[in-house]
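Here is how the chains run, residue by residue.
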There are 4 protein chains.
Amino acid sequence: MSNSKETKAKMKALVYHGPGKRAWEDRPKPKIMEATDAIVRITMTTICGTDLHILKGDLPAITDGRILGHEGVGVIEELGKNVHGFHKGDKVLISCITSCGLCSFCRKGMYSHCRIGGWILGYQIDGTQAEYVRIPCADTSLYALPADADEEAATMLSDIFPTGLECGVMNGQVKPGDFVGIVGAGPVGLAALLTAQLYSPAEIVMVDIDDNRLEVARSFGATKVVNSSDGKAVEHTMALTGDAGVDVAIEAVGIGATFDISQSIIAPGGRIANVGVHGKPVEFHIERLWSQNITLTTRLVDTVTTPMLLRIVQSGRLDAKKLVSHRFDLSEIMKAYDTFGNAAKERALKVVLKNSSAS
Amino acid sequence: MSNSKETKAKMKALVYHGPGKRAWEDRPKPKIMEATDAIVRITMTTICGTDLHILKGDLPAITDGRILGHEGVGVIEELGKNVHGFHKGDKVLISCITSCGLCSFCRKGMYSHCRIGGWILGYQIDGTQAEYVRIPCADTSLYALPADADEEAATMLSDIFPTGLECGVMNGQVKPGDFVGIVGAGPVGLAALLTAQLYSPAEIVMVDIDDNRLEVARSFGATKVVNSSDGKAVEHTMALTGDAGVDVAIEAVGIGATFDISQSIIAPGGRIANVGVHGKPVEFHIERLWSQNITLTTRLVDTVTTPMLLRIVQSGRLDAKKLVSHRFDLSEIMKAYDTFGNAAKERALKVVLKNSSAS
Amino acid sequence: MSNSKETKAKMKALVYHGPGKRAWEDRPKPKIMEATDAIVRITMTTICGTDLHILKGDLPAITDGRILGHEGVGVIEELGKNVHGFHKGDKVLISCITSCGLCSFCRKGMYSHCRIGGWILGYQIDGTQAEYVRIPCADTSLYALPADADEEAATMLSDIFPTGLECGVMNGQVKPGDFVGIVGAGPVGLAALLTAQLYSPAEIVMVDIDDNRLEVARSFGATKVVNSSDGKAVEHTMALTGDAGVDVAIEAVGIGATFDISQSIIAPGGRIANVGVHGKPVEFHIERLWSQNITLTTRLVDTVTTPMLLRIVQSGRLDAKKLVSHRFDLSEIMKAYDTFGNAAKERALKVVLKNSSAS
Amino acid sequence: MSNSKETKAKMKALVYHGPGKRAWEDRPKPKIMEATDAIVRITMTTICGTDLHILKGDLPAITDGRILGHEGVGVIEELGKNVHGFHKGDKVLISCITSCGLCSFCRKGMYSHCRIGGWILGYQIDGTQAEYVRIPCADTSLYALPADADEEAATMLSDIFPTGLECGVMNGQVKPGDFVGIVGAGPVGLAALLTAQLYSPAEIVMVDIDDNRLEVARSFGATKVVNSSDGKAVEHTMALTGDAGVDVAIEAVGIGATFDISQSIIAPGGRIANVGVHGKPVEFHIERLWSQNITLTTRLVDTVTTPMLLRIVQSGRLDAKKLVSHRFDLSEIMKAYDTFGNAAKERALKVVLKNSSAS
């Protein structure tokens, strides 16, 4: 392997070529650029809803030629001189957030706003949907995995579970006995559903327009489901709470309509935790909520909970693999994108891509 | 006095008679209705911005004939059989929030949502702008004052200081070293300014359109002031923070323009604490803030901090009287309303009304 | 029934007659003494380890003739004029802590230190091991139960579960992914074990000298067990944590030896939550712990979590009945005390007493 | 200066030579050893009580030849290749705690337990009582100072103020309106006194055996003082609180007697924050405190508050220089040790040493 590395120095990668255009093509294998970098040989990766947003052209900072992807697991291939926590050959989880550990934001646990990192992988620097990836600030952006770790479960810890847990469940301060409403049963809503149960709420009502997804939600632990396609999600949810409203509302879609449901079902003293990525302003009903003692939070995932999630998955208290609905070889990633892009029709949650050439 | 009570049983009161109409007129003296009631002889009261809102007709639950006012201090005149914490003749502070202490909201410290109380004084039941007032749930809605307590300082603890402290400073989680922005230098904004200093922020910038009020703010401890009448409050405030934004933004007006300033000056990880009473929805820039890890709170004052404020005022760490700009006799309350209603022109902050007939 | 009440006005009760002496004998049926009282017809009660302490003479404030017991469920028989939250015939849970809701401690949620209540039932006033009991401050010391509530589960919420949860789990700040050590697998330690799982710790190690109890602990969710009878509990526990120590140590016995284990297994930054009732000072190893960033807490249960626990039990997330090992008729209470007093030999956890004459 | 550096490469330093033995002697100037190191030219340093403990032989990890000192300010002389946050010539504050920013403890804000750092300066590696010092992990162990920063104030932020604030005030959760007791009016007790006022407690009672120090405490803001030399500190303090006890007790000495005062004056629900460095176990009165809902904390300072303290000092809300009682030239450090070692007689608080040869 190290031999081929010297001679070839090429790899396959999923490359962005402007809105709507992606290709699986040859790219130079990445090299160490800073002393704190690591080169990781990808063994598994996945596709995020954000990757679809990028392809739609919604995220302006992307440039033609960028390798996409910010999730995955792999094996350390090469290390910069100043990486002290890993060795060549170590199995690692790649965090979707690059964190230097040293800046004022990192020191406060706000890794998402790291002054040299944050969410840059597969967006401002080349990402993980490739045979190899360069990870800056490796000591604080990679997490050690046991050699026998389940790769599918681990891949789910790069982004989707920390996002559901931090932006939804922890910001929403879910507590034992709470009544929780989650608006949106896509992957991130389902990740919030699964991690909310770590705190033993009494009831979790899941709101979505897709009966298939609601069925999945029920099998994942939702105690009530509401199909909102009749435009009466608020009435239905309020009725389920005896008109008291929910203690925690988690917005997991990112549009005005779902934000509006969230702010309409919240009980006095409740918390609205926004997880969805929004493209437009929303109307906030402060003329009604000003006196309701509510808390509304926003957050880009910091991945501060990654070590906690690794322990929880290892202990068996969270079955992270549940979110995986489709499996492909990494070389089939163009097809995998089609599947994930038609999630409702394909009943897709998360699709994983195994790099069978990695060994 | 007790003699006149028996024979006359009348008193003077400021009575609401429909939008824009108020009168200082005779009313029956209130009587004990429940075993947990107290009758308090008012010695000092004040006028709140909310009283002006009521008079404008903005608050629908008011009815013709209601005695206004929800602030004041006085002396216990009579007690229901089930009031155990007070004796006739005790000097007391009247909380603007009536709290039963027993319901699920009160047990959580959310007195503002007490199932039988909340903000009812001078709105849903007769209030304190009168010679006497009936206070329900007296044990938990009155606070003992030393006989020699300063009445003006105490009157400021009925509503304005708990509101600034709880809805603004505590919800905003002001901490030592923080950069705080307060939008609105009216009485409640100034109360937030004074109580913010209990937590030693490094800087407090005050934003208002009135130079007189900004001058007052500076004398009350604001380290920077911004006159927003040029429409550039955001630019000015950001410049003062080195473009970092403020850690805490306190919205103390209640209109869209000031909410917008608040959400535009907040730093990543910051807290926006809404204090203002809003009559319309606002546009919330979630398309920008979704990733900024911000917390937005609303709150109707719970007055849970009243015991703390009493201790702080007594210790000399807070000079609550500072907010009193004008003094009238209770019998001059019609004129006092005129003064308070022209606050900018009269340079009025809080106007206090002393009941000189009480002794 | 009401007929017999008028004529007889007697009942059976378990009465303390000095150290070591108890009798099941006739006593006058209790009457309403204060307007906030309720008389409850007991349908189920249980015996607490504290009752045994009283009988040993360890608690000085007890007097001859006192009816013991501070746990149970029943039916409202009669209400004082000022009780508003209940009606005659309502099924209720009796909290072990009497709380007025009005004093400064109750207003802070420290019901255990209520100025007129606290733990007084079955100690400073007559208790629940009787056919009837008078409950002061009924509105805030009783909790409504659905008519079809499981009485055994509910009885466990009077004391043992709030104690394990508040003094152990919440004071210990158990979080998802934590490594928790519980020293003592008696009823309160097991209650801590069951409620700790509401917060999804990664591992819970249970330490006890009794293999039977450790077996129970394992079946209740302990992931590791340590028999401490070889005097090497610390070494064993440290080995199980890879010498890192536990994040949370819950002391659930109340003697020096178990306190010492707790302070010896705690990781830097960890929390030691004392639940045990101690009769003697302990040696605190501050010469080692001063620099270890640990937090040590004590607490008499406040029962602030009772509403939460009722919701959790109702939702099925906590099987509170699990702690019931033995069932007796209330008339067999003398025998039930013998069984509970020989807990190790009898393999007793909690013994419940059903009042079959109540209907 | 850079010229002499090349040719001489020697410097003066205060060196430990076994218990009781110290010398001001020539030592090699330190060099960069790791890419994350910085060499700092000391412009001001100070002596800590811990340095005296080292000289007494109380701290076993010290070895002959070690340069003492863990406090100070200086100027960056040389930087390792991987230090990104500083430039040569920058004025810096040296934290007493070396923190890598990358290990699991640093990621949790527990820098004191950093896996490669912690308190090592002047103890396990050479310290700051010298003309130059090597600072490992410079990016996260140094803090930028403005060129015109007051050096005396800044020197007080290396250790004494973070210690008083973090271990005493923040662990004790001092809140507006609290009654605080501080046992011990030495430098660290006085630092707790000054930083407690950042949170506006109603009363602060200072307990000490030295009337001079109590006088200083009073001038620094203590509202009450108790001379404990009559053995009645507990009675006096309780009397001052109306027998309620203090909300927060800060132990700032480190012996059994002062710990005992702290645990005897605490109110139910209160917090005991241990700051003192203890050499022996203490007797903890859990037989009384088990039911008192108290929290006891220990902590080695993490210096997480250093950025906050810098902002507070800069804003003028904390006059850190107040603690400086004596000023010496660095070359007079042997004499300065004598003065500080006779603190009571010399009325010494903190003594600062200015390196006049640095420029």
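Every value quoted in this text rests on a predicted model; they were computed, and no experiment measured them. (Residues numbered from 1 in each chain as written. Chains lettered and ligands numbered in written order. Predicted model: local features only at pLDDT ≥ 70, side-chain atom pairs only at ≥ 80, totals over all residues. Heavy atoms only, no water.)

Draft legend 1. Inspection of a negative patch on the surface at higher detail. Together, Asp260(C), Glu283(C), Asp260(D) and Glu283(D) make up a negatively charged patch on the protein surface. Along the chain, Glu283(C) turns up in strand S13 (residues 282–284). By relative accessible area, which is 47% here, Glu283(C) ends up partly exposed. (Patch = residues over 30% accessible without salt bridge, like charges linked within 9 Å, V, L, I, M, F, W, Y side chains within 5 Å. Areas by Shrake-Rupley, 256 points an atom, 1.4 Å probe, with all protein chains shown as cover. Salt bridge = Lys/Arg side-chain N within 4 Å of Asp/Glu carboxyl O. Lys, Arg positive; Asp, Glu negative; His and termini not counted. Charge placed at Lys NZ, Arg CZ, Asp CG, Glu CD. Helix = DSSP H or I, 4+ residues; strand = E, 2+ residues; numbered from the N terminus. Buried < 20%, exposed > 50% of the residue type's maximum accessible area, 1.4 Å probe, protein only.)

Draft legend 2. Highlighting the nonpolar core. Core analysis: the largest hydrophobic core is formed by 158 residues, its most contacted members being Phe161(B) and Phe161(D). In contact with Phe161(D), other than residues within four places in its own chain, are Met156(D), Ala191(D), Leu194(D), Thr195(D), Leu309(D), Leu318(D), Ala320(D) and Leu323(D). Ranked by size, the runner-up nonpolar core spans 156 residues in total, among them Val73(A), Ala153(A), Ile182(A) and Ala154(C). (Core = buried A, V, L, I, M, F, W, Y, C linked by side-chain atoms within 4.5 Å. Contact = heavy atoms within 4.5 Å.)

Draft legend 3. Main features of the side chain of Asn293(C). Inspection of the secondary structure puts Asn293(C) in the loop between helix H11 (286–289) and strand S14 (295–297). A polar contact is formed between the side chain of Asn293(C) and the backbone nitrogen of Leu300(D), at a distance of 3.0 Å. A distance of 3.1 Å separates polar atoms of two side chains, one belonging to Asn293(C) and the other to Asp302(D). Dropping the residues within four chain positions of it, Asn293(C) is found in contact with Gly269(C), Gly270(C), Met110(D), Ser112(D), His113(D), Thr298(D), Arg299(D), Leu300(D) and Asp302(D). (Polar contact = N/O pair within 3.5 Å; in protein donor to acceptor, adjacent residues only side chain to side chain.)

Draft legend 4. Spatial organisation of the sheet that holds strand S12 (residues 266–274) of chain A. Across the sheet, which stays open at both edges, the twelve strands sit in the order S10(A)-S9(A)-S8(A)-S11(A)-S12(A)-S14(A)-S14(B)-S12(B)-S11(B)-S8(B)-S9(B)-S10(B) with mixed pairing between neighbours. Each end of this open sheet is capped by a strand with a single partner; those strands are strand S10 (224–227) of chain A together with strand S10 (224–227) of chain B. The mean inter-strand angle of the sheet, taken between neighbouring strand axes irrespective of direction, is 15°. Summarising the sheet, strand S8 (residues 179–183) of chain A and strand S9 (residues 203–208) of chain A pair through five bridges and their orientation is parallel. For Gly181(A), the partnering residue across the bridge sits in S9(A) and is Val205(A). On top of the sheet, helix H10 (residues 256–264) of chain B reaches strand S8 (179–183), strand S11 (246–251), strand S12 (266–274) and strand S14 (295–297) of chain B; it is set at about 150° to S12(B), its chief contact. (Pairing = 2+ DSSP bridges. Axes fitted to C-alpha atoms, helices over the stretch in contact; angles between N-to-C directions.)

Draft legend 5. Examining the pairing of strand S16 (residues 350–354) of chain B more closely. Residue and element names in this part refer to chain B. S16 sits mainly inside the fold: four of its five residues count as buried. When strand S3 (residues 38–46) meets S16, the two strands line up antiparallel, connected through three bridges. Its bridge partner being in S16, threonine 46 is matched across the sheet by valine 352. The pairing of strand S15 (residues 324–329) with S16 spans five bridges and is parallel. Paired with aspartate 329 across the bridge in S16 is lysine 354.

Draft legend 6. Inspection of the pairing of strand S11 (residues 246–251) of chain C at higher detail. Residues and elements named next belong to chain C. Most of S11 is tucked away, with five of its six residues classed as buried. Bridge count for strand S8 (residues 179–183) against S11 is four bridges, and the pairing is parallel. In the strand pairing of S11, isoleucine 182 is matched with isoleucine 250. Taken together, the five bridges between S11 and strand S12 (residues 266–274) define a ladder with parallel strand orientation. Note that in S12 the partner of isoleucine 250 across the bridge is alanine 273. With helix H10 (residues 256–264) bridging S11 and its parallel neighbour S12, the resulting β-α-β unit is right-handed. (Right-handed = clockwise from strand over helix to strand, strands pointing away.)

Draft legend 7. Up close: the environment of His53(D). Residues and elements named next belong to chain D. Position of histidine 53 among the secondary structure elements: in helix H2 (residues 49–56). Residue class for histidine 53 comes out partly exposed when judged on its relative accessible area of 29%. Each C-alpha atom of the pair histidine 53 and valine 15 lies 15 Å from the other, and the pair is 38 residues apart in sequence. If we skip the residues at most four places from it in the chain, histidine 53 touches Asp58 and Leu59. A polar contact of 2.9 Å, which involves the side chain of histidine 53, links it to the side chain of aspartate 58.

Draft legend 8. Summary view of H2(D). Residues and elements named next belong to chain D. All of the buried residues in H2 are Thr50, Asp51, Ile54 and Leu55. End-on, the buried residues of H2 take up no more than an arc of 145°, which puts them together on one face. Those residues of H2 hidden inside the fold are in contact with strand S1 (10–16), strand S2 (22–28), strand S3 (38–46) and helix H13 (333–341). Just beyond H2, the residue with positive phi is glycine 57, at close to 95°. (Arc of directions from axis to C-beta.)

Draft legend 9. Representation of the relation of the copies chain D and chain C in the model. Relative to chain C, chain D is turned by 180° and slid 0.0 Å along the rotation axis, the superposed coordinates differing by an RMSD of 0.0 Å. The transformation relating the two chain copies, once decomposed into turn and shift, fits a two-fold axis. A symmetric contact is evident, with 100% of the interface residues of chain D recurring at the interface of chain C. (Least-squares fit on C-alpha atoms with pLDDT ≥ 70 in both.)

Draft legend 10. Inspection of the pattern of salt bridges at higher detail. Residue and element names in this part refer to chain A. Throughout the structure, instances matching the rule amount to 62 salt bridges over all chains. A salt bridge links aspartate 26 to lysine 12; its shortest N-O distance comes to 3.5 Å. Taken together, the positions of aspartate 26 in strand S2 (residues 22–28) and lysine 12 in strand S1 (residues 10–16) put the pair 14 residues apart, joining distant regions of the chain. Overlapping salt bridges bring together Arg27, Arg66 and Asp126 as one network.

Draft legend 11. Quick look at the relation of the copies chain B and chain A. Superposition record for chain B on chain A: RMSD 0.0 Å, screw rotation 180°, translation along axis 0.0 Å. The residues that chain B uses at the interface reappear at the interface of chain A in 100% of cases, marking a shared surface.

Draft legend 12. Structural context of the interface of chain B and chain A. With 33 residues of chain B in contact, the opposing surface of chain A contributes 33 residues. Taking both partners together, chain B and chain A bury about 2800 Å²; carbon and sulfur atoms supply 64% of that area. The interface formed by chain B and chain A contains zero salt bridges. Summed over the shared surface of chain B and chain A, the number is 17 residue pairs in polar contact (both at pLDDT 80 or more). Secondary structure elements with two or more residues in the side of chain B that touches chain A: S12, strand S13 (282–284), helix H11 (286–289) and S14 of chain B. Within the side of chain B that touches chain A, the residues separate by chemical class into 14 nonpolar, 14 polar and five charged. (Buried area = accessible area lost by both parts, 1.4 Å probe. Nonpolar A, V, L, I, M, F, W, Y, C, P; charged D, E, K, R; others polar.)

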